[in-house]
Amino acid sequence: MFKLAPITGSSTARPLRVLLGVAAAALLAGGSAMAQPQVTPQAAPADAAAGNVVPMPAANWLFVQTGTSFTSDGKTLTIRGVAPQTLMFSDRPERMTGDVLTSKFAEFWNQGKDDFQKDPPNATISTSIDDKTDLTVVELLNPRVSGDTLTYDIKLLEGTLPTAGKQISVFIDWWYGPGWHGGLRGGWRGGVYVGGPVAVPVPVPGPYASGRCWRGPYGGLHCRPWWGY
């Protein structure tokens, strides 16, 4: 299901992605946004006017997950009080926001040919210790959700992750998607299903098979990919 933008070199050679994550983390950490936000996006109306709903376009998305506390032993990261929604942001082809259930994010981590399990993403982790912001870059693997607790296996890339603390924000590296599924589960590339052992052509699915976006009163799009709910 997941399709990452092409990457060359070692996992640490992602300066643009890391810088974007660090910039976002620093921005949020500057104020009360470091505290756990109450993420309760409004449900999209089922009878929304057709002109207000558009198919979700493919884009480079950055994911953000937040929690009220965390612990880490250097090999795992456990986030408690994790927000039920994982937020999404993109600025191309236009500025867009989105959300998916955190449980679905973990469930589809290893779906498709180019998923995060095969090519783990980097993440910038912003934590608050004694009212001071600490930034760490890690590689994320194998997410598990149990109630309001989210656990990752991690590989440290830059900085030092504290062993415990309150308030945490995780800015996860780019994912190119959503792609459309046409009733099947897997990764997609231009009308070819790549989730199985052999890539085969498939019929073009319906207009909202990739997901839906709702255009707000100021023109911005808020999106939900097909796998997110």
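Residues numbered from 1 in each chain as written. Predicted model: local features only at pLDDT ≥ 70, side-chain atom pairs only at ≥ 80, totals over all residues. Heavy atoms only, no water.

Caption draft 1: Here's a closer look at the overall build of the protein. A tally of regular secondary structure across the protein gives two helices and 14 strands. For the protein, the residues scored as buried account for 44% of the 229 residues in total. Looking at the protein alone, contacts between residues at least 24 apart form 68% of all its contacts between residues at least 6 apart. When the accessible surface of the protein is split by element, carbon and sulfur atoms take 56% of a total near 11,400 Å². (Helix = DSSP H or I, 4+ residues; strand = E, 2+ residues; numbered from the N terminus. Buried < 20%, exposed > 50% of the residue type's maximum accessible area, 1.4 Å probe, protein only. Contact = heavy atoms within 4.5 Å. Areas by Shrake-Rupley, 256 points an atom, 1.4 Å probe, with all protein chains shown as cover.)

Caption draft 2: Molecular detail of the pairing of strand β6 (residues 122–129). In terms of burial, β6 is a largely internal element, seven of the eight residues being buried. Pairing analysis gives eight bridges linking β6 to strand β7 (residues 132–146), with the strands arranged antiparallel. Bridge assignment links I125 to a residue of β7, and that residue is T136. Where β6 hands over to β7, the hairpin turn is made up of two residues, of which D130 adopts a positive phi near 55 degrees. Two elements, β6 and strand β9 (residues 164–177), share six bridges in a ladder whose sense is antiparallel. For A123, the partnering residue across the bridge sits in β9 and is I172. (Pairing = 2+ DSSP bridges.)

Caption draft 3: Broad picture of the packing of aromatic side chains. Under the definition given, this model contains nine aromatic pairs. Aromatic side chains W175 and W227 sit 5.6 Å apart centroid to centroid with 85 degrees between the ring planes, which places their arrangement in the edge-to-face category. Of the two residues, W175 sits in strand β9 while W227 sits in the segment after β14 (221–225), which places them 52 residues apart along the sequence. Across the pair, exposure class does not vary: W175 and W227 are buried alike. Of the aromatic side chains, those joined through ring pairs into one cluster are F63, F105, F108, W109, F116, Y152, W175, W226 and W227. Above the plane of the ring of Y229 lies R224, whose end atom (NZ or CZ) is 4.7 Å from the centre. (Phe/Tyr/Trp six-rings, centres within 6.5 Å; stacked < 30°, edge-to-face > 60°. Lys NZ or Arg CZ within 6 Å of the ring centre and 35° of its normal.)

Caption draft 4: Spotlight on the state of the cysteines. Tallying each qualifying case throughout the model produces one disulfide. Two residues share a disulfide in this structure: C213 and C223, whose sulfurs sit 2.0 Å from each other. Where C213 bonds to C223 through sulfur, the torsion about that S-S bond is close to 105 degrees, and the disulfide is right-handed. Here C213 is found in strand β13 (residues 211–215), whereas its partner C223 is found in strand β14, with ten residues between them in sequence. The pair formed by C213 and C223 is uniform in burial state, with each residue classed as buried. (Disulfide = S-S within 2.5 Å.)

Caption draft 5: Representation of the pattern of salt bridges in the model. Under the criterion given, the structure shown has five salt bridges. For D153, the salt bridge goes to R144, with nearest N and O atoms at 3.0 Å. (Salt bridge = Lys/Arg side-chain N within 4 Å of Asp/Glu carboxyl O.)

Caption draft 6: Summary view of the environment of N142. Here N142 shows up in strand β7. A sequence separation of ten residues divides N142 from Y152, and the C-alpha atoms of the two residues are 5.7 Å apart. In this structure N142 touches W109, Q117, T151, Y152 and D153, once residues within four positions along its chain are discounted. Within the local environment of N142, its side chain forms a polar contact with the side chain of D153, the two groups lying 3.3 Å apart. (Polar contact = N/O pair within 3.5 Å; in protein donor to acceptor, adjacent residues only side chain to side chain.)

Caption draft 7: The environment of R144, seen in detail. In this structure, R144 sits in strand β7. Between the C-alpha atom of R144 and that of F105, which follows or precedes it by 39 residues, the distance is 10.0 Å. Not counting residues within four places of it along the chain, the set of residues in contact with R144 comprises T149, L150, T151, Y152 and D153. Within the structure, the side chain of R144 is placed 2.7 Å from the backbone oxygen of N142, a separation counted as a polar contact. Within the structure, the side chain of R144 is placed 3.0 Å from the side chain of D153, a separation counted as a polar contact.

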